[in-house]
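# Observations on the three-dimensional arrangement
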Amino acid sequence: AQSVTQLGSHVSVSEGALVLLRCNYSSSVPPYLFWYVQYPNQGLQLLLKYTSAATLVKGINGFEAEFKKSETSFHLTKPSAHMSDAAEYFCAVSESGSARQLTFGSGTQLTVLP
Amino acid sequence: DAGVTQSPTHLIKTRGQHVTLRCSPISGHKSVSWYQQVLGQGPQFIFQYYEKEERGRGNFPDRFSARQFPNYSSELNVNALLLGDSALYLCASSASSGTAFNSPLHFGNGTRLTVT
């Protein structure tokens with residue numbers, strides 16, 4: 001069975017500082033991994049996805065994530081935080097053949113301080 | 001183009017009642033998935049439909065059911081509501097059925113269901 005663990009339910013960074021949101025996964029087969037962002041009272045928006053093509057994945061809004069099989073991790077980073085990045089971020093995993101059936105982590109609320 | 005639209009946006013029901021939530025996918029999208037997001041948690045997969053056929057079901061009781069119509073819109077039905085069914089119900093559509101990861105999920109803004 002697949003699962004996702006997001007370390008840190010709340011992360012605060014100063015504007016301009018590095019953003020690092022942690023995600024570890026468990027999967028019995030090579031996984032497909034995703035990061036989604038959710039703004040208040042909205043649905044989820046796809047930031048980026050890993051589908052085994054390249055281990056470093058670049059997404060929208062300056063975010064990127066690196067797939068590390070040895071560490072079973074897929075951490076999300078952004079070099080310089082912006083106030084508009086404040087939102088909840090979800091890591092999700094999907095095993096082969098079930099692209100529409102994602103297993104989400106519990107989320108990390110990112111606060112950006114001025 | 002309009003995104004995924006869900007109705008109603010908010011709903012209050014009493015325990016034991018029945019509820020129907022509706023979803024209209026993006027034009028041209030044939031796959032609809034439903035997720036339940038309890039406050040403070042990540043979304044949990046409920047159902048996926050493609051071309052009016054059920055393609056996947058999550059670990060939810062039989063009180064939960066869904067269907068997809070010829071125009072690809074979808075309904076999620078929940079019978080005998082419990083307090084624990086209070087959640088944000090998200091609908092997502094995509095152009096493909098399953099393994100084509102180049103066709104991402106597009107989420108609606110959800111229906112907030114409160115059961116009292």
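Right, let's get into the state of the cysteines. By definition, a disulfide links the sulfur atoms of two cysteines through a covalent bond. All names here are of chain A. A complete count under the given rule lists two disulfides over all chains for this structure. Here cysteine 23 engages in a disulfide with cysteine 91; their sulfurs sit 2.0 Å apart. Residues cysteine 23 and cysteine 91 are joined by a disulfide whose S-S torsion is about -60 degrees; by sign, that bridge is left-handed. Of this pair, cysteine 23 sits in strand E3 (residues 19–26) while cysteine 91 sits in strand E9 (residues 87–95), and the two are 68 residues apart along the sequence. Residue class for cysteine 23 comes out buried when judged on its relative accessible area of 0%.

Turning to the pairing of strand E5 (residues 44–50) of chain B, a few remarks are in order. All names here are of chain B. Burial within E5 is extensive, with six of its seven residues counted as buried. Summarising the sheet, strand E4 (residues 31–37) and E5 pair through six bridges and their orientation is antiparallel. Paired with valine 32 across the strands is tyrosine 49, a residue of E5. Across four bridges, the pairing between E5 and strand E6 (residues 53–57) is antiparallel. In the sheet register, tyrosine 50 faces E6, and the bridge partner there is glutamate 53. As consecutive antiparallel partners, E5 and E6 are separated by two residues, and within that stretch glutamate 51 has a phi angle of approximately 50 degrees, a positive value.

Bringing the interface of chain A and chain B into the picture now. Between chain A and chain B, the contact holds 21 residues from the first and 28 residues from the second. At the boundary of chain A with chain B, total buried surface from both sides reaches about 1800 Å², with 57% on carbon and sulfur atoms. For the pair chain A and chain B, the interface holds zero salt bridges. Our enumeration of links across chain A and chain B arrives at five residue pairs in polar contact (both at pLDDT 80 or more).

Here we take up the sheet that holds strand E8 (residues 74–78) of chain B. Residues and elements named next belong to chain B. Read from one edge to the other, the open sheet built from four strands follows the order E1-E3-E8-E7, with strand pairing classed as antiparallel. Only two strands of the sheet have a single partner each, and these edge strands are strand E1 (5–7) and strand E7 (64–68). The mean angle between the axes of side-by-side strands here comes to 15 degrees, regardless of whether they run parallel or antiparallel. Bridge count between E1 and strand E3 (residues 19–24): three bridges; the pairing is antiparallel. Residue pairing in the sheet places threonine 5 in a bridge with serine 24 of E3.

Calculation notes
Residues numbered from 1 in each chain as written. Chains lettered and ligands numbered in written order. Predicted model: local features only at pLDDT ≥ 70, side-chain atom pairs only at ≥ 80, totals over all residues. Heavy atoms only, no water. Disulfide = S-S within 2.5 Å. Helix = DSSP H or I, 4+ residues; strand = E, 2+ residues; numbered from the N terminus. Buried < 20%, exposed > 50% of the residue type's maximum accessible area, 1.4 Å probe, protein only. Pairing = 2+ DSSP bridges. Contact = heavy atoms within 4.5 Å. Buried area = accessible area lost by both parts, 1.4 Å probe. Salt bridge = Lys/Arg side-chain N within 4 Å of Asp/Glu carboxyl O. Polar contact = N/O pair within 3.5 Å; in protein donor to acceptor, adjacent residues only side chain to side chain. Axes fitted to C-alpha atoms, helices over the stretch in contact; angles between N-to-C directions.

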